[in-house]
Amino acid sequence: MKYSMFIGRWQPLHKGHLWLINERLKHGKNIWLAIRDIEPDENNPWTAQEIEQMVRDGELKDLILNGRVIVSIIPDIESINYGRDVGYDVIEHVPPSEIGEISATSLRKKMREEGKI
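Structure report, in brief. (Residues numbered from 1 in each chain as written. Predicted model: local features only at pLDDT ≥ 70, side-chain atom pairs only at ≥ 80, totals over all residues. Heavy atoms only, no water.)

Describing the overall build of the protein chain
For step 1, the next point in the chain: Looking only at helices and strands, the protein chain has five helices and three strands in total.
For step 2, the next point in the chain: Sequence-ordered secondary structure for the protein chain, helices as α and strands as β, is β-α-β-α-α-β-α-α.
For step 3, the next point in the chain: The 117 residues of the protein chain split such that 31% are buried.
For step 4, the next point in the chain: When the accessible surface of the protein chain is split by element, carbon and sulfur atoms take 49% of a total near 8000 Å².
For step 5, the next point in the chain: In the protein chain, which carries 16 positive and 19 negative side-chain charges, the distance between the mean positions of the two groups comes to 5 Å. (Helix = DSSP H or I, 4+ residues; strand = E, 2+ residues; numbered from the N terminus. Buried < 20%, exposed > 50% of the residue type's maximum accessible area, 1.4 Å probe, protein only. Areas by Shrake-Rupley, 256 points an atom, 1.4 Å probe, with all protein chains shown as cover. Lys, Arg positive; Asp, Glu negative; His and termini not counted. Charge placed at Lys NZ, Arg CZ, Asp CG, Glu CD.)

Here's what the structure looks like:
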């Protein structure tokens, strides 16, 4: 079985991320959500394990349970590299402006103000 892979910090997973994931799901593709294992800091307040649990408990829960989405923690990366004719596509999805304006930074700021982090 093949998967469309998304690599990120997901700090937190938000509507913009979900739009991106749904772009592949609506074409019948399965999703591999890879969580980069980074050290928490001011901009990344959660551990990869905490993010993984939030993802598993969140809006993707049913898709995870039925195998359409898999979630795993990967080592932090510095680049993504490929050679020619590697057997997969590299696809850029350009969101509509109302989705593209969503910012995890502003979401984290609001969560801090509300005492959620």
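Now that the structure has been shown, the text picks up again.
Some details on the environment of Lys 29
For step 1, the next point in the chain: With respect to the helices and strands, the residue Lys 29 is situated in the loop between helix 1 (15–25) and strand 2 (30–37).
For step 2, the next point in the chain: What makes Lys 29 partly exposed here is its relative accessible area of 37%.
For step 3, the next point in the chain: Taking the C-alpha atoms as reference, Lys 29 lies 6.6 Å from Ser 4; in sequence the two are 25 residues apart.
For step 4, the next point in the chain: In contact with Lys 29, not counting residues within four places along its chain, are Ser 4, Arg 24 and Arg 68. (Contact = heavy atoms within 4.5 Å.)

Quick notes on the sheet that holds strand 2
For step 1, the next point in the chain: Here three strands make up an open sheet; going across it, the order is 1-2-3 and the pairing parallel. Strand pairing shows two members of the sheet lacking a second neighbour, strand 1 (3–8) and strand 3 (69–75), which therefore form its edges. Across this sheet, the average inter-strand angle for adjacent strands is 25°, counted without regard to direction.
For step 2, the next point in the chain: Sheet topology places strand 2 next to strand 3; seven bridges connect them, and they run parallel. If you follow Leu 33 over to strand 3, its bridge partner there is Val 71.
For step 3, the next point in the chain: Against the sheet, helix 2 (residues 48–57) contacts strand 2 and strand 3, and its axis sits at roughly 175° relative to strand 3. (Pairing = 2+ DSSP bridges. Axes fitted to C-alpha atoms, helices over the stretch in contact; angles between N-to-C directions.)

Some words on helix 2
For step 1, the next point in the chain: Taken as a whole, helix 2 has its buried residues at Ala 48, Ile 51, Glu 52 and Val 55. The buried residues of helix 2 all sit within an arc of 100° when viewed along its axis, so they share a single face.
For step 2, the next point in the chain: Those residues of helix 2 that are buried are in contact with strand 2, helix 3 (61–65) and strand 3. (Arc of directions from axis to C-beta.)

Comments concerning the nonpolar core
For step 1, the next point in the chain: The biggest cluster of nonpolar side chains holds 16 residues, and the ones touching the most others in it are Ile 21, Leu 33, Val 55, Leu 60 and Val 71.
For step 2, the next point in the chain: Elements with a minimum of two residues in this core: helix 1, strand 2, helix 2 and strand 3.
For step 3, the next point in the chain: Among all residues touching Val 55, those that are not within four sequence positions of it are Leu 13, Leu 33, Leu 60, Lys 61, Ile 64 and Val 71. (Core = buried A, V, L, I, M, F, W, Y, C linked by side-chain atoms within 4.5 Å.)

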